[in-house]
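Breakdown of the fold
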Amino acid sequence: LIEKMPLKPNVGIWQTLLSVCRMHGDVEMGKQVGEILLRREGNNPANYVMVSNMYAHAGYWKESEKIRETLKRKGLKKEAGRSWVEMDKEIHIFYNGDGMHPLIEEIHEVLKEMEKRVKEEMGYVHSINFSLHDVEEESKMESLRVHSEKLAIGLVLVRRGLKLKGERVIRIFKNLRVCGDCHAFIKGLSKVLKIVFVVRDANRFHRFENGLCSCGDYW
Ligand code: ZN
Ligand code: ZN
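Rules behind the numbers
- Residues numbered from 1 in each chain as written.
- Chains lettered and ligands numbered in written order.
- Predicted model: local features only at pLDDT ≥ 70, side-chain atom pairs only at ≥ 80, totals over all residues.
- Heavy atoms only, no water.
- Donors = N, O, S within 2.8 Å, 3.2 Å for Na, K, Ca; no water.
- Tetrahedral: all angles 85-135°; square planar, octahedral: opposite > 155°, others 65-115°.
- Helix = DSSP H or I, 4+ residues; strand = E, 2+ residues; numbered from the N terminus.
- Buried < 20%, exposed > 50% of the residue type's maximum accessible area, 1.4 Å probe, protein only.
- Axes fitted to C-alpha atoms, helices over the stretch in contact; angles between N-to-C directions.
- Parallel < 35°, antiparallel > 145°, perpendicular 65-115°, else oblique.
- Left-handed = near helix turned anticlockwise from the far one by under 90°.
- Contact = heavy atoms within 4.5 Å.
- Nonpolar A, V, L, I, M, F, W, Y, C, P; charged D, E, K, R; others polar.
- Salt bridge = Lys/Arg side-chain N within 4 Å of Asp/Glu carboxyl O.
- Phe/Tyr/Trp six-rings, centres within 6.5 Å; stacked < 30°, edge-to-face > 60°.
- Patch = residues over 30% accessible without salt bridge, like charges linked within 9 Å, V, L, I, M, F, W, Y side chains within 5 Å.
- Areas by Shrake-Rupley, 256 points an atom, 1.4 Å probe, with all protein chains shown as cover.
- Lys, Arg positive; Asp, Glu negative; His and termini not counted.
- Charge placed at Lys NZ, Arg CZ, Asp CG, Glu CD.

Moving on: the coordination of the zinc ion (ligand 2). Taken together, H183 (NE2), H206 (ND1), C213 (SG) and C215 (SG) make up the protein donors of the zinc ion (ligand 2), found 2.0 to 2.3 Å from the metal. Taken together, the four donor atoms coordinating the zinc ion (ligand 2) and their angles of 101 to 114° define a geometry best described as tetrahedral. Mapping the donors of the zinc ion (ligand 2) onto the primary sequence yields the spacing H-x22-H-x6-C-x1-C. You can see H183 sitting in helix α8 (residues 180-192) and its partner H206 sitting in strand β5 (residues 205-209), a full 23 residues away along the chain. The two residues H183 and H206 agree in class, both being buried.

The following block contains the structure:
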């Protein structure tokens, strides 16, 4: 399908196919797609991380490790993850693990509370696997909790309250792809709070509503 498209497939399309290969454990196709990606855009660390994760999820540890070593050898560094949200004509930017915002304690508190509710009502648990989406070693639960998109959502909830009087759509922007853990969390949150979240990440728009996302979990 991709090869027959009237448009030349961009990197995002190959990345999406690679991500689907990971989900289905299709290493054979994943390997081919990975080669195309690394040929097309060999200086983008995200591609190496995606290929490495595809192998790791299928249990091909040696291959996964090899890709990571190439990434290191090339000295490529991932752009720092950041998310932003506009509130009252002001843009608030958060980085992963950001502790700078004046409301950061309240943000952590509301996120913990939401995590508990989503867990109780939706059975959400941190999926550590997905922390592999990132180049940095973010394998711990603590670091998943402070992903920038969660912090941005936390700020809106702190400032507007859980009822969000009036507007019931929250729009968040992220420079990288949203990770699987945040994706699962935001899905749950959309159901628990009856709020629509629209998250535009590096790849696409995600519209979270009533416990589901418009991407159908493919991104
Ligand atoms: Zn995340
Ligand atoms: Zn989605």
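Now, onward.
The subject of this paragraph is the coordination of the zinc ion (ligand 1). Coordination of the zinc ion (ligand 1) by the protein is provided by H147 (ND1), C179 (SG) and C182 (SG), with metal-donor distances spanning 1.9 to 2.3 Å. Ordering the donors of the zinc ion (ligand 1) by residue number gives the pattern H-x31-C-x2-C. One end of the pair, H147, is in the loop between α6 (141-145) and α7 (148-160); the other, C179, is in the loop between β3 (169-174) and α8, with 32 residues separating them in the sequence. A relative accessible area of 0% places H147 in the buried class. On the accessibility criterion, C179 (1% relative accessible area) is buried.

For the pair helix α1 (residues 11-24) and helix α3 (residues 45-57), interaxial distance at closest approach is 9 Å and the crossing angle is 15°. When the axis of α1 is compared with that of α3, the two are roughly parallel. The chirality of how α1 crosses α3 is left-handed. Residues V11, Q15, L18, S19, C21 and R22 of α1 form the contact with α3, whose participating residues are N47, M50, V51, N53, M54 and H57. Residue composition of the contact of α1 with α3, by class: six nonpolar, five polar and one charged.

Looking now at the pattern of salt bridges. Taken as a whole, this structure holds seven salt bridges when the rule is applied. Between D217 and K187 there is a salt bridge, and its shortest N-O distance comes to 2.9 Å. Of this pair, D217 sits in the segment after β6 (212-213) while K187 sits in helix α8, placing them 30 residues apart in sequence. Here D217 falls in the partly exposed class, since its relative accessible area comes to 28%. In the salt-bridge network here, residues are joined through shared partners; they are D88, R159 and R160.

Glancing now at the packing of aromatic side chains. Across all of its chains, the model carries two aromatic pairs by this definition. Measuring from centroid to centroid gives 6.3 Å for Y55 and Y60, while their planes differ by 40°, and the two rings are tilted. With a relative accessible area of 37%, Y60 lands in the partly exposed category.

Our next topic: a positive patch on the surface. There is a patch of like positive charges on the surface, built from K163, R168, K191 and K194. By the secondary structure assignment, K191 is in helix α8.

The subject of this paragraph is the environment of E209. Mapping E209 onto the fold places it in strand β5. Here the alpha-carbon distance between E209 and G188, two residues 21 residues apart in the chain, equals 8.9 Å. Beyond its immediate chain neighbours, meaning those up to four positions away, E209 contacts S190 and V196.

For A80, the position within the fold is in the loop between α4 (61-73) and β1 (82-87). The exposure class assigned to A80 is partly exposed, which follows from its relative accessible area of 43%. Those residues in contact with A80 that lie beyond four places of it in its chain are Y95, N175 and L176.

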